[in-house]
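Report on the structure
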Amino acid sequence: MEEEKAHIVPYRTFLIVLAGLIALTLISVAVTQIALGTFTIGMALLIATIKSSFVLGIFMHLKFENKLYTVVVIAVIVLIASVIIITLMDYIYR
Amino acid sequence: MTAETHRDDLASKTGMWLFLFTEMLLFGGLFVVYAVYRYRNATAFHLAASELSVFVGTVNTIILLISSATIAMSITAIQLKNKKLALLLLTLTLLLGMAFLVNKYFEWGHHITEHIYPGSAVLALRGQGDILFYGLYFFMTGLHALHIIIGLAFIGVVGIKIVRGKIASDNYVLLENSGLYWHLVDLIWIFLFPLFYLIT
């Protein structure tokens, strides 16, 4: 059952994304070496999120697949984030 | 009737994704635990995290990112009927995965020689926050390392199937699924790395 045409991602795309991911890793290391308190946590998690979106979108082909996969991935991320936020709010405002 | 087995690539891939969602929730639950314990033991987590080697963590992150790119490219290679390149890229992925584990071995070994491991008497003296930090550190990186080992075995099987011609340019969904699994392992590390090594 190979009706849908397979999307072939060129090697170059993967290499460019890889270079971007390594650059982001080094940036996140550099940023967190400067002690900025709460800002550091935010930056590190923001960079990690950007990196994940590249891995999910390009490496895991989500960009070229049925949109349903993307919708469920986002739903899972929102679910985990909500549980973390709600749990933390419970501890902070208890 | 032919001996040809029934195939449904879309179903195979969807099944793999469903499994990956359960994996995300498994690690997601651990991240909730991490968030709460970190909030309640901010200072201890801060001090304990600064004992981890940022250098080794960064090297391991880059190793996993490269291995993710190589397995992604091996799918392109098999689509373009370049069996040799696909196998070469998969071998590279395997070697990089093993390099990650070797680094992890030395990292854990270093902690253990310093008597820092769950249940250690030395760690018990350092207080609740340190016990929780290292408990989570060993459990989460350990569970992640277990996923690396499973991923390596999966990729190994896929490699053998490519050699035998069972996976080719017209039938490579198993290679795609092993790639998806490997990327998920990379994805989890992308979050473990800042949470344990960077946010100090």
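**Things to note about the interface of chain B and chain A**
Listed per partner, the contact involves 47 residues of chain B and 45 residues of chain A. When the two sides are added together, the surface that chain B and chain A hide from each other amounts to roughly 4200 Å², 78% of it contributed by carbon and sulfur. For the interface between chain B and chain A, the tally reads one salt bridge. The residue K13(B) makes a salt bridge to E65(A) at a minimum N-O spacing of 2.7 Å. The tally of links from chain B across to chain A stands at five residue pairs in polar contact (both at pLDDT 80 or more). Sorting the residues of the side of chain B that touches chain A by element identifies α1 (9-40), α3 (54-79) and α7 (173-198) of chain B as the ones contributing at least two each. No other element matches the 16 residues that α1(B) contributes to the side of chain B that touches chain A. When grouped by side-chain class, the residues that make up the side of chain B that touches chain A number 33 nonpolar, eight polar and six charged.

**Let's talk about the layout of surface pockets**
Quantified by volume, the largest pocket comes out at close to 1400 Å³. Taken together, 45 residues form the lining of the largest pocket, with I41(A), L45(A), I84(A), F191(B) and L195(B) sitting closest to its centre. Elements supplying a minimum of two residues to the lining of the largest pocket: α1 (11-33), α2 (38-59) and α3 (67-92) of chain A together with α1, α2 (42-49) and α7 of chain B. Within the lining of the largest pocket, the residues separate by chemical class into 32 nonpolar, 12 polar and one charged.

**Comments concerning a nonpolar patch on the surface**
Taken together, the side chains of I85(A), M89(A), I92(A), Y93(A) and Y39(B) present a nonpolar region at the surface, about 560 Å² in accessible area. Here the element with the most residues in the nonpolar patch is α3(A); it accounts for three residues.

**Notes on the packing of α3(B) against helix α4 (residues 83-113) of chain B**
Residue and element names in this part refer to chain B. Close contact between α3 and α4 brings their axes to 8 Å; oriented N to C, the two are set at 165°. In terms of their interaxial angle, α3 and α4 are classed as roughly antiparallel. Like other packed secondary-structure pairs, α3 and α4 cross with a definite hand, here left-handed. Residue composition of the contact of α3 with α4, by class: 17 nonpolar, six polar and two charged.

**Quick word on the confidence of the model for chain A**
In the predicted model, chain A carries a mean pLDDT of 90, and the fraction of residues at 70 or more is 91%. The lowest-confidence element of chain A is α2(A), averaging 91 in pLDDT; the highest-confidence one is α3(A), averaging 95.

Calculation rules
Residues numbered from 1 in each chain as written. Chains lettered and ligands numbered in written order. Predicted model: local features only at pLDDT ≥ 70, side-chain atom pairs only at ≥ 80, totals over all residues. Heavy atoms only, no water. Contact = heavy atoms within 4.5 Å. Buried area = accessible area lost by both parts, 1.4 Å probe. Salt bridge = Lys/Arg side-chain N within 4 Å of Asp/Glu carboxyl O. Polar contact = N/O pair within 3.5 Å; in protein donor to acceptor, adjacent residues only side chain to side chain. Helix = DSSP H or I, 4+ residues; strand = E, 2+ residues; numbered from the N terminus. Nonpolar A, V, L, I, M, F, W, Y, C, P; charged D, E, K, R; others polar. 1 Å grid on protein atoms, 1.4 Å probe; cavity = no way out; pocket = protein on both sides within 12 Å on 5 of 7 lines; lining within 4 Å. Points joined across faces, edges and corners; volume = space filled by probe spheres on them. Patch = residues over 30% accessible without salt bridge, like charges linked within 9 Å, V, L, I, M, F, W, Y side chains within 5 Å. Areas by Shrake-Rupley, 256 points an atom, 1.4 Å probe, with all protein chains shown as cover. Axes fitted to C-alpha atoms, helices over the stretch in contact; angles between N-to-C directions. Parallel < 35°, antiparallel > 145°, perpendicular 65-115°, else oblique. Left-handed = near helix turned anticlockwise from the far one by under 90°. pLDDT = per-residue confidence, 0-100.

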